[in-house]
Amino acid sequence: MVSLPGLRSRKVVPQRSAGELDAMAVAGALVAAALAAVNQAAAPGVSTKDLDEIAEAVIRGGGGTPSFLGYHGYPASICSSVNDRVVHGIPSAGEKLAPGDLVSIDCGAIVDGWHGDSAITFGVGALIPVDAALSAATRESMEAGIAAMIPGNRLSDVSHAIELGTRAAEVRYDRKFGIVAGYGGHGIGRQMHMDPFLPNEGAPGRGPVLAPGSVLAIEPMLTLGTVKTVVLDDEWTVVTADGTRAAHWEHTVAVTEDGPRILTAL
Ligand code: MF3
Ligand code: CO
């Protein structure tokens, strides 16, 4: 029996060396620290601009550079997406947090040329149960995708795992969630956004293969209603088309022989 190389494509999601993964984890830890500081500081009356300043200070204080600032003209170091904002909300001094707000914060940093990219969702004080379920379902979808980051899986196996995570959460929380259409995860390394694009749903078994050192940013976005979104006149802020709330969780994750390695951990 011989193999028949070339009959089908054997593309691999780009691989980083062990040393390069360690370098990415340094950038990732800085992102995690910035997100933790933002989460700590979030309280009624605090503005999303205040949160942006905190994140920027943590990143620069740790010797990093905020990757979002200036990216295609983006004016801040975090995206702060409150309530019906899905992603890419621009921090502003006039936007003050209120009790019960559902806040998604996305943050990226560069250290020694390597990128980390991560997002969390939290409540300002207690969340009502449906919003807590939305955030938990989104986080669990991300974790399902992370678990699929193993050698030999293909790109769409990760997408499929994320979708199965969402469907399992629908059963667990006894309600439907919308998987935001048109947005997904991505390759990451010396640039924030690299090929391949990673959909948050889809059939398994397609796309490039995952091998040790392959890195993806895994970032499900779920809503309490529609999958459709609208971009506001600021040309950044993505909101749900029906005004329902949305959540966003993201980690930068590497495939290793020993299993998935989260590079944006503290
Ligand atoms: N980090 C976001 C993502 O998860 C992208 C932010 S775009 C920016 O892919 F312009 F706001 F930086
Ligand atoms: Co990302």
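Throughout this document, residue positions are counted from 1 along each chain, in the order its sequence is written. Chain letters and ligand numbers both follow the written order, the letters beginning at A and the numbers at 1. In keeping with the predicted nature of the model, local features appear solely for residues at pLDDT of at least 70, side-chain atom pairs appear and are counted solely at 80 or more, and the whole-chain, interface and lining totals rest on all residues. To obtain the side-chain values, all non-hydrogen atoms of the structure were used and water was disregarded.

**Considerations on the coordination of the cobalt ion (ligand 2)**
Spelled out, the test is: Each metal site is built from N, O and S donor atoms within 2.8 Å (3.2 Å for Na, K and Ca), and since water is not included, such sites may look incomplete. The geometry test gives tetrahedral to four donors whose angles all lie between 85 and 135 degrees, gives square planar to four donors and octahedral to six donors whose opposite members are over 155 degrees apart with all other angles between 65 and 115, and gives irregular to the rest. A run of DSSP states H or I qualifies as a helix once it reaches four residues; a run of E qualifies as a strand once it reaches two. Both are numbered from the N-terminal end. Exposure categories follow from relative accessible area, calculated using a 1.4 Å probe and restricted to protein chains: below 20% of the type maximum is buried, above 50% is exposed, and the middle band is partly exposed.
Each protein donor to the cobalt ion (ligand 2) is listed here as Asp117 (OD), His186 (NE2), Glu219 (OE) and Glu250 (OE); together their distances run 2.0 to 2.2 Å. Coordination geometry of the cobalt ion (ligand 2): the six donor atoms subtend angles of 52 to 174 degrees at the metal centre, consistent with an arrangement described as irregular. Mapped onto the sequence, the donors of the cobalt ion (ligand 2) take the spacing D-x68-H-x32-E-x30-E. With a gap of 102 residues between them, Asp117 in strand β5 (residues 114-123) and Glu219 in the loop between β9 (215-218) and β10 (221-223) connect regions that are remote in the sequence. Side by side, Asp117 and Glu219 carry an identical accessibility label, which is buried.

**Digging into the packing of helix α1 (residues 18-41) against helix α2 (residues 48-61)**
Any two packed helices are characterised by the angle at which their axes cross and by the distance between the axes. Where we set the bar: Orientation is described by lines fitted to C-alpha atoms, with helices fitted over the stretch in contact, and by angles between N-to-C directions that extend from 0 to 180 degrees. Helix crossings fall into two classes, left-handed where the near helix is turned counterclockwise from the far one by less than a right angle and right-handed where it is turned clockwise. Contacts were defined at the residue level, with two residues in contact if any of their heavy atoms lie within 4.5 Å. All amino acids are sorted into three groups, where Ala, Val, Leu, Ile, Met, Phe, Trp, Tyr, Cys and Pro are nonpolar, Asp, Glu, Lys and Arg are charged, and the leftover types, Gly among them, are polar.
Two numbers describe how α1 lies on α2: the axes approach to 9 Å, and their chain directions differ by 145 degrees. In terms of crossing hand, the pair formed by α1 and α2 is right-handed. Counting all contacts with α1, which are made through Leu30, Ala33, Ala34, Ala37, Val38 and Ala41, the residues of α2 involved are Leu51, Ile54, Ala55, Val58 and Ile59. Residues belonging to the contact of α1 with α2 are distributed by class as follows: eleven nonpolar, no polar and no charged.

**Considerations on unusual backbone geometry**
The amide bond that connects Asp195 to the next residue, Pro196, takes the cis arrangement and shows omega of 0 degrees. Mapped onto the elements of the fold, Pro196 is located in strand β8 (residues 194-198). Although it is not a glycine, His72 sits at a positive phi angle of roughly 50 degrees. Phi is positive for Asp112, close to 50 degrees, though the residue is something other than glycine.

**A word on α1**
Short version of the rule: In this analysis, the expected span of each helix is defined as 1.5 Å times one less than the number of residues it contains.
Look at α1: 35 Å from first C-alpha to last across 24 residues, which is about the 34 Å you get at 1.5 Å a residue. Every buried residue of α1 is accounted for by Leu21, Met24, Ala25, Ala27, Gly28, Leu30, Val31, Ala32, Ala34, Leu35 and Val38.

**Details of the UniProt feature "binding site: substrate" (unreviewed entry) in the protein chain**
Condition: UniProt positions are given in the numbering used here, feature names are shortened, and annotations may be inferred rather than shown by experiment.
Mapped onto this numbering, the UniProt entry annotates "binding site: substrate" (unreviewed entry) at His88 and His193. These annotated residues cover 106 residues of sequence, and their C-alpha atoms all fall within 14.3 Å of one another, placing them together at a single site. By the secondary structure assignment, His88 is in the loop between β3 (85-87) and β4 (102-111). Beyond its immediate sequence surroundings of up to four residues, His88 is in contact with Tyr74, Cys79, Ser81, Trp236, Thr237 and Val238. Here His193 lies in the loop between β7 (185-187) and β8. Exposure remark for His193: the relative accessible area of 38% places this residue in the partly exposed category.

**Observations concerning the UniProt feature "domain: Peptidase M24" (unreviewed entry) in the protein chain**
Here the UniProt-annotated "domain: Peptidase M24" (unreviewed entry) positions come out as residues 23-257. As annotated, residues 23-257 has a helix share of 30% and a strand share of 26%, and its two end C-alpha atoms lie 18 Å apart.

**A look at the packing of aromatic side chains**
Selection rule: Any pair of Phe, Tyr and Trp rings, taking the six-membered ring for Trp, is counted once the centres come within 6.5 Å. Such a pair is stacked with planes under 30 degrees apart, edge-to-face with planes over 60 apart, and tilted for the rest.
All told, the structure shown has two aromatic pairs when counted by the stated rule. Ring centres 6.4 Å apart and planes at 80 degrees place the aromatic pair Phe68 and Tyr74 in the edge-to-face group. The exposure class of Phe68 is buried, given its relative accessible area of 5%. For the ring pair Tyr74 and Trp236, a centre distance of 4.9 Å and an interplane angle of 80 degrees mean the geometry is edge-to-face.

**Quick look at the site of ligand 1**
Threshold: What makes a residue near a molecule or strand is one non-hydrogen atom of that residue sitting within 4 Å of it. Throughout this description, a polar contact denotes any pair of N or O atoms lying within 3.5 Å of each other; where both atoms belong to protein, one of them has to be capable of donating a hydrogen while the other can accept it, and for residues adjacent in sequence the pair is counted only when both atoms sit in side chains. The Shrake-Rupley method, run with a 1.4 Å probe sphere, supplies the accessible areas, and residue values consider only the shown protein chains as cover.
Around ligand 1, a shell composed of 13 residues is seen, among which Phe68, Asp117, His193, Glu219 and Glu250 lie nearest. In the environment of ligand 1, an oxygen atom lies 3.2 Å from a nitrogen or oxygen atom belonging to the side chain of His186. Residue His193 places a side-chain N or O atom 2.6 Å away from an oxygen atom belonging to ligand 1. Starting from 340 Å² of accessible surface for ligand 1 in isolation, the protein chains cover 97%. Here the residues of the shell around ligand 1 are counted per class, giving six nonpolar, three polar and four charged.

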